[in-house]
Amino acid sequence: MTFGITLFARTKSVTGGTNIALAAKAATATIPIVFGTGDDPVPLGLVASLARPGGNATGINFFNTEVVAKRLRLLHDLVPNAVRVAVLVNPRNASVAESNLREIQEAAPTLGLQIQILNASTIDEIDVAFATLARERPDALFVTGDAFFASRRGQLATLTTRDRIPAAYSIRDFVAAGGLMSYGTDLADTFRQVGVYTGKILEGAKPADLPVLQSTKFEFVINRTTAKALGLTIPAGVLSIADEVIE
């Protein structure tokens, strides 16, 4: 999952999302930047190291890729009869799409799952992807973490409800909109951490001296109403580990 918000406070830049963070980094080597990214910021070139960022950027790494396999396992636990799972990715967000697919393709065989990849980068392409779903009828849908998909959560929830397909997402907002389940970083906590670092920089701290923080709070959310509408019985073991059940 990547953020889709960019704010500016005085001369300090607060940026969310890998692509936005990279663009901000490329645009300036002097203005302090606070980023939120689901990718490892070191190989991306955002920082020299997690402990000593160097340069003008620091921020939060919220483990987008690392939780993908667990999200797939939770979907499997929630829909144990599923065999064929469609995976929706945004090819325009190449680094996130590739890292997510790598984790999914490694985890799927251990769960006995067959994966079908669908691409969508626009509203119309989401409709095309769901036309494919309606025609080929996979057992479940896995929506990869992506800022564009987050902005279209209402459309995605409406389409999965219409087509009666169980779907897993990266953040709670999808489940609140009517999606079946989500597992990922608690974004409210992540935004709070970004705010703390932004405050420190506004008070004079240098990004080079602020270690990149790593998310420690994750949440598993289930929409019980959606489960009932899909004819799913939530296993007691799955229900017991949910952080939130939306009625």
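Look up a bit, the structure's there.
The residue count restarts for each chain, going from 1 along the sequence in the order it is written. Confidence filtering applies because this is a predicted model: local features only for residues at pLDDT of at least 70, side-chain atom pairs given and counted only at 80 or more, and all residues used for totals across whole chains, interfaces and linings. The side-chain numbers reported here are obtained from all heavy atoms of the structure, hydrogens and water having been left aside.

## Some words on the nonpolar core
Residues belong to a common nonpolar core when they are buried Ala, Val, Leu, Ile, Met, Phe, Trp, Tyr or Cys residues joined through side-chain atoms within 4.5 Å. To sort residues, take the accessible area from a 1.4 Å probe on protein chains only and compare it with the maximum for the residue type: under 20% means buried, over 50% means exposed, and anything in between is partly exposed. Leu72, Leu75, Leu78, Phe142, Leu180, Met181 and Phe220 are the most contacted members of the largest nonpolar core, which has 32 residues in total. Put simply, DSSP marks the helices as runs of H or I at least four residues long and the strands as runs of E at least two long, and each gets a number from the N terminus on. When residues of this core are traced back to their parent elements, those giving at least two are helix H3 (68-78), strand S5 (84-89), helix H4 (94-107), strand S7 (140-143), strand S9 (181-185) and strand S11 (218-223). Among the elements that line this core, the one with the most residues is H3, at six residues. Sequence-distant contacts of Leu78, defined by excluding residues within four places in its chain, comprise Leu180, Met181, Ile234, Pro235 and Val238. The next biggest cluster of nonpolar side chains, apart from the first, holds 20 residues, and it includes Ala150, Leu159, Ala167 and Ile171. Contacts: residue pairs with any heavy atoms within 4.5 Å of one another.

## Quick word on the sheet that holds strand S12 (residues 244-246)
One open sheet holds the seven strands; their spatial order is S6-S5-S7-S8-S9-S11-S12, and the pairing between them is mixed. Among the strands making up the open sheet, the edge pair consists of strand S6 (114-119) and S12. The sheet shows a mean angle of 20 degrees between the axes of neighbouring strands, taken without regard to direction. Every axis in this analysis is a line fitted to C-alpha atoms, fitted for helices over the stretch in contact. Angles between the N-to-C directions lie between 0 and 180 degrees. The strands that H4 touches are S5, S6 and S7; relative to S5, the one it contacts most, it runs at about 165 degrees. The criterion for strand pairing is that DSSP finds at least two bridges linking the strands in question.

## A look at the pairing of strand S4 (residues 57-61)
Extensive coverage of S4 is indicated by the burial of five of its five residues. Where strand S3 (residues 33-37) and S4 come together, five bridges link them in parallel fashion. Residue pairing for S4: Val34 is matched across the bridge by Thr58. The pairing of S4 with strand S10 (residues 213-214) spans two bridges and is classified as parallel. Looking at the pairing, Asn61 lines up with Gln214 of S10.

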